[in-house]
Amino acid sequence: MNLSIWLSLLAVLFTVDQTRAENSDTFKSENETFELEQLADGLDHPWGMAFLPDGALLITEREKGLKLYHDKNLHDISLDSFPEVRTRGQGGLLDITIHPAFEQNQLIYLTYSHPLKSGSTTALAKARFADQKLYDPQTIFIADTGSTTSKHYGSRIEFDNNGDLFMTIGDRGNRHNAQKLNSHAGKVLRLDDQGLPAADNPFAQNDAALPEIYSYGHRNPQGLTRHYLTGEMWVSEHGPRGGDEINLLQAGVNYGWPIITYGKEYIGGSIGEGTHHPEMQQPIHQWSPSIAPAGITFYSGDAFPNWKGNLFTTALKFKLLVRQELQDGKIVHEERLLEEEVGRIRAIEQGPDGLLYILTDANNGALYRLKPPNT
C-alpha cells in the first residue's frame, strides 16, 4: 500500500476519533441536546448542595465534610465547631439549604445523623455562613426516631413559600413506625426556621400525635422539591424491592407505607395489604423495578426551553437521571438520561444560571452540570 493511501486512512481514523472525543460529553435527549460538564471531583460521597445568592455552591459530604465551590475551585469549610455526627452506614452529614432571607441573616440549615446512647436519629442544625466560615452552629431539632440501625434517615430539607421548613424522615428500618403518629419515623415534618412545629400543622391539636408531623406513611423519602409555580411540595421515596414513589405532599395525608406498597420483600413475598386502601394516598408515580430515587427538582429555566416544567429525578441503583413530563398533575411521559454515564446520582439542583447541577455518590464523587452545547 503506497504512502498516500496510508495517509488517507490515518486521516479518516483521526477524524473519527476526533468526532468521538468532541461528542463524548454531548447527549441528545428527545427534546433537547445538552453537554455534560464536569466541574469538580474528589468529593467524598457528596449528599446535598445549596446555591448562595452570588452563585457559589455549598456541598455536603456524608463523612462530615462541607465544601464551597466558587471560582471553579473547591474550598474546605471547617466543621470543627459543628455538632457530633454519627457517620455510619447511610448516616453522616446529609442535606443543606439556605434561609429564604439569607442575604439578610446568612443562615444555612443542615441535616445529619445525630448520635444517641443507643443508635442515632435524624437532626437539624443551623449556622451562620459568612467569609467562608460557619458561625455558631447549633442543633435546633432532633427527631424522635431512635434506632440502632444506620439506614433510612430520609433527610431532605426545603423551605416553602411561607418560610416554613419541610424535612423528610425515613422509617429508620422500623417500618411500622411510619404509621404511628407518636413517632417522627416515616414522616415529612414542617418546622419554622427555629426548628419548632409550624403553628398550623395538621396534628397540632392532637395530643396523641407529634406536632411537627405534616404527612405520614413514608418509607425513606430522599428527594424533596418545591414546585416553582404552585409552591406545592413533592417528594421521591425509596420503596423496597420495587415500589419507588413520587408523591405530592398534602397536609395530614397517609401515604400508606407499609400497609400498601407496590414493592415486595427483598427475600420475596408481598408486604402489607396490597397496593390500594380507601384511606391512603396513591403515588403520583411508582417505579417497579426500583431505580432508587434520590434528589428531585422541577426545571424552570430558559436554557432548555423544551424541558420547562419537567420533573427531574436522580437515581442511585440504575445510575441515571429521569426526566418526566406532567399534565394536569399526572406524569404522562418519562425519558431516562445519562444511564451508566457517571455512576450513582445523588442530588440535583437548578442553579441561578438556569442550568442543572448533579452530584454523584462515590468516594470520588463529582459535580457536573448540564448546559446547552458550545456555551
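Just so it is clear, the structure is predicted and the values come from calculations on it, not from any experiment. (Residues numbered from 1 in each chain as written. Predicted model: local features only at pLDDT ≥ 70, side-chain atom pairs only at ≥ 80, totals over all residues. Heavy atoms only, no water.)

Enquirer: I'm lost on the pairing of strand β5 (residues 65–70) in this one. Help?
Expert: As a general feature of sheets, a regular strand has side chains that alternate between the two faces. Most of β5 is tucked away, with five of its six residues classed as buried. Of the pairings in the sheet, the one linking strand β4 (residues 57–61) to β5 comprises five bridges and is antiparallel in character. Paired with I59 across the two strands is K67, which belongs to β5. Pairing geometry for β5 and strand β6 (residues 73–76), over four bridges, is antiparallel. Among the inter-strand pairings, H70 is bridged to a residue of β6, identified as N73. (Buried < 20%, exposed > 50% of the residue type's maximum accessible area, 1.4 Å probe, protein only. Helix = DSSP H or I, 4+ residues; strand = E, 2+ residues; numbered from the N terminus. Pairing = 2+ DSSP bridges.)

Enquirer: Looking at this structure, how should I read the side chain of H227?
Expert: Topologically, H227 is positioned in the loop between β15 (221–226) and β16 (233–237). Using a relative accessible area of 13% as the deciding quantity, one classes H227 as buried. In contact with H227, not counting residues within four places along its chain, are E232, W234 and F298. (Contact = heavy atoms within 4.5 Å.)

Enquirer: Would you mind going over the layout of surface pockets with me for this structure?
Expert: In this approach a probe as big as a water molecule rolls over the atoms, and the regions it shows empty are the leftover space. Considered as a void within the structure, the largest pocket measures approximately 830 Å³ in volume. Residue lining of the largest pocket: 37 residues in total, with T97, E158, R226, E349 and Q350 positioned closest to the centre. Contributing elements (two or more residues each) for the lining of the largest pocket: β3 (46–51), β7 (93–98), α2 (102–105), β11 (157–159), β15, β19 (293–298) and β23 (345–350). In the lining of the largest pocket, the residues fall into 18 nonpolar, 12 polar and seven charged. (1 Å grid on protein atoms, 1.4 Å probe; cavity = no way out; pocket = protein on both sides within 12 Å on 5 of 7 lines; lining within 4 Å. Points joined across faces, edges and corners; volume = space filled by probe spheres on them. Nonpolar A, V, L, I, M, F, W, Y, C, P; charged D, E, K, R; others polar.)

Enquirer: Explain the environment of W47 to me, please; I cannot follow it from the model alone.
Expert: Examined against the element boundaries, W47 turns out to sit in strand β3. Along the sequence, W47 and D95 sit 48 residues apart, while their C-alpha atoms lie 6.2 Å from each other. The residues contacting W47, other than those within four sequence positions of it, are T60, R62, L93, L94, D95, G154, S155, R156, Q222, R346, A347 and L359.

Enquirer: Explanation requested: empty space enclosed by the protein in the structure shown.
Expert: Overall, the coordinates contain one cavity of 30 Å³ or more when judged by the stated rule. Taken as a whole, the largest cavity spans an internal volume of roughly 60 Å³. Surrounding the largest cavity, G217, R219, E237, H238, G239, P240, G243, E245, Y255, W257 and T261 form its lining. Its residues placed into classes, the lining of the largest cavity shows three nonpolar, five polar and three charged.

Enquirer: Please explain the packing of aromatic side chains as it appears in this structure.
Expert: Each aromatic ring pair is specified by the distance between its two centres and by the angle formed by the two planes. Summed over the entire model, instances satisfying the criterion amount to 11 aromatic pairs. Just above the ring of Y135 sits the side chain of R128; from NZ or CZ to the centre is 4.8 Å. Lying over the aromatic face of W257, R219 brings its terminal NZ or CZ to 5.4 Å of the ring centre. (Phe/Tyr/Trp six-rings, centres within 6.5 Å; stacked < 30°, edge-to-face > 60°. Lys NZ or Arg CZ within 6 Å of the ring centre and 35° of its normal.)

Enquirer: Please clarify how the nonpolar core should be interpreted in this entry.
Expert: Across soluble globular proteins, nonpolar side chains show a tendency to be buried alongside one another. In this structure, W307, L338, L367 and L370 are the most contacted members of the largest nonpolar core, which totals 31 residues. Residue contributions to this core peak at five residues, all from strand β2 (residues 33–43). Listed in part, the 22 residues of the second largest apolar core include I77, I98, A127 and F129. (Core = buried A, V, L, I, M, F, W, Y, C linked by side-chain atoms within 4.5 Å.)

Enquirer: Is there a simple way to think about unusual backbone geometry in this case?
Expert: Cis rather than trans, the peptide bond between W257 and P258 has omega equal to 0 degrees. Tracing the backbone shows P258 in the loop between β17 (244–248) and β18 (285–287). In this model, S288 is joined to P289 through a cis peptide bond whose omega is 10 degrees. Within the chain, K64 stands out as a residue other than glycine whose phi angle is a positive 55 degrees. K64 gets classed as partly exposed once you look at its relative accessible area, which sits at 29%. In this structure, R172 takes a positive phi of about 60 degrees despite not being glycine. Within the fold, R172 resides in the loop between β12 (165–169) and β13 (187–191).

Geometric values such as these leave the question of function open.
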